[in-house]
Amino acid sequence: CNPRLTREWLDGQVAAGLVTYEADADAYVLSPEAMMVLADEASPVFTARGMNAFGSMFKDVDKIKTAFRGDGGLPWGEHDHCLFKGTEWFFRTGYRTYLPSAWIPALDGVQEKLEAGARVADVGCGHGASVVVMADAYPSSRFWGFDYHRPSVETARRRAEEAGVEDRTTFEVASSKDYPGTYDLICFFDCLHDMGDPVGAATYARERLEPNGTVLLVEPFALDGRVENQTENPMAALLYTASTAICTPNSLSQEVGLGLGAQAGEARLRAVFEEAGFSSFRRATETPMNLILEARP
């Protein structure tokens, strides 16, 4: 990087309290905590690359303005490409940290199925971050990733090859209501609220489950009740912002256009699955970023 611009930028970070300046050594220093967030891709809290998602909002400001002045719709695929890689990295570290160690074990009997060999569908798979994590953790199982955004599916195939799990993963272009096959586990990772017809997607998933199958629903953390969420959820300001520019416009651009938004909360999500015909719905676990929900027919 250009030395003069880098120093100017670093001085600004020092003024903001994010970086420390050691005058005697003329050195700029990151704290260990900041290193985990900004400089260590293996860290469970690394989010530096995830900031591409917020960069896309600035690049797409005219499109977002048009959505506000029109019908509210802005399809996922019409966003700047920064959104797609930013979303991958924003959630990737959480999937890598929690999915095999906490989320799958919290589901009723699912880990045993995956260890023995199961069929798993990841609907709305994006760049395949969650598929790659599961395929690496459960080599006896087979995984299918489906997404209606073709460039993301192509990237997901590359990610699987890079991780060495291409022999047990398949990625196909398909919507949430027309993917083929039947599965022991069907997953929706941080995507159901983006869909125009989440009830239809949940109904289709129920039809595609094997007997005693399970749906794993991972959604952004939210509290039930608008006021409670606004005042008591520390993630709400961030997630409402993303939902306003990305998630809700995508839903409004599709058929039905329910517009759940990224802050739907457990009660509204439960209502979606009950309307879709599921008899069991529970919160399996949670993190500060996500609700991990289990649905069974």
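Everything below is about the structure shown above.
Note that the structure is a prediction, hence the values are computed from the model and not measured.

Draft legend 1. Focus on the overall build of the chain. Scanning the chain from N- to C-terminus turns up twelve helices and nine strands. Scaling as 2.2 N^0.38, a compact globule of 297 residues should have a C-alpha radius of gyration of about 19 Å, and the chain matches this with 20 Å. Projecting the C-alpha coordinates of the chain onto the three principal axes gives extents of approximately 70 × 45 × 35 Å. Burial statistics for the chain: of 297 residues in total, 47% are counted as buried. Partitioning the intrachain contacts of the chain with sequence separation of at least 6 by distance along the chain shows that 67% fall at a separation of at least 24. Total accessible area on the chain stands at roughly 14000 Å², and carbon and sulfur atoms take up 53% of it. Considering the chain, the positive charge centre built from 27 side chains and the negative charge centre built from 43 side chains are found 4 Å apart.

Draft legend 2. Region of the structure containing the nonpolar core. With 44 residues, the main nonpolar core has Leu-99, Ile-104, Leu-114, Leu-185, Phe-189 and Leu-216 as its most contacted residues. Counting residues per element, this core draws most heavily on helix α5 (residues 82–103), which supplies seven residues. Not counting the four nearest positions on each side in its chain, Leu-99 is found in contact with Gly-94, Ile-104, Pro-105, Ser-130, Val-133, Met-134, Phe-189 and Leu-216. Listed in part, the 32 residues of the second largest apolar core include Ala-121, Ala-201, Ala-205 and Val-272.

Draft legend 3. The environment of Gly-145, seen in detail. Along the chain, Gly-145 turns up in strand β4 (residues 142–147). Separated by 24 residues in the primary sequence, Gly-145 and Thr-169 have C-alpha atoms spaced 7.6 Å apart. Discounting residues that sit within four places of it in the chain, Gly-145 has contacts with Asp-122, Cys-125, Val-131, Thr-170, Phe-171 and Glu-172.

Draft legend 4. Seen up close, the pattern of salt bridges. Across all of its chains, the model carries 15 salt bridges by this definition. We note a salt bridge from Arg-7 to Asp-26, for which the minimum N-O separation is 2.8 Å. Taken together, the residues span a long stretch of sequence, with Arg-7 in helix α1 (residues 3–15) and Asp-26 in the loop between β1 (20–22) and β2 (27–29) at a distance of 19 residues. The closest approach of N and O atoms between Lys-177 and Glu-255, which form a salt bridge, is 2.6 Å. Separated by 78 residues along the polypeptide, Lys-177 in the loop between β5 (169–173) and β6 (183–189) and Glu-255 in the loop between α11 (236–252) and α12 (266–275) bring together distant segments of the chain. Members of the salt-bridge network, linked through shared partners, are Glu-88, Arg-92, Arg-159 and Glu-162.

Draft legend 5. Fine view of the pairing of β5. Sheet topology note: the β4/β5 ladder contains five bridges and is parallel. Among the inter-strand pairings, Gly-145 is bridged to a residue of β5, identified as Phe-171. Taken together, β4, helix α8 (residues 150–163) and β5 form a β-α-β motif whose crossover is right-handed.

Draft legend 6. Up close: α11. In this model α11 runs just 21 Å from its N-terminal to its C-terminal C-alpha over 17 residues, more than 12% under the 24 Å that 1.5 Å per residue would give. When α11 is considered as a whole, its buried residues turn out to be Ala-236, Leu-239, Ala-242, Ser-243, Ala-245, Ile-246, Cys-247, Pro-249, Asn-250 and Ser-251. The elements touched by buried residues of α11 are α3 (52–59), α4 (61–69), α5, β7 (209–220) and α10 (226–232).

Conventions and cut-offs
- Residues numbered from 1 in each chain as written.
- Predicted model: local features only at pLDDT ≥ 70, side-chain atom pairs only at ≥ 80, totals over all residues.
- Heavy atoms only, no water.
- Helix = DSSP H or I, 4+ residues; strand = E, 2+ residues; numbered from the N terminus.
- Rg over C-alpha atoms; globule rule 2.2 N^0.38 Å.
- Buried < 20%, exposed > 50% of the residue type's maximum accessible area, 1.4 Å probe, protein only.
- Contact = heavy atoms within 4.5 Å.
- Areas by Shrake-Rupley, 256 points an atom, 1.4 Å probe, with all protein chains shown as cover.
- Lys, Arg positive; Asp, Glu negative; His and termini not counted.
- Charge placed at Lys NZ, Arg CZ, Asp CG, Glu CD.
- Core = buried A, V, L, I, M, F, W, Y, C linked by side-chain atoms within 4.5 Å.
- Salt bridge = Lys/Arg side-chain N within 4 Å of Asp/Glu carboxyl O.
- Pairing = 2+ DSSP bridges.
- Right-handed = clockwise from strand over helix to strand, strands pointing away.
- Expected span 1.5 Å × (residues − 1).

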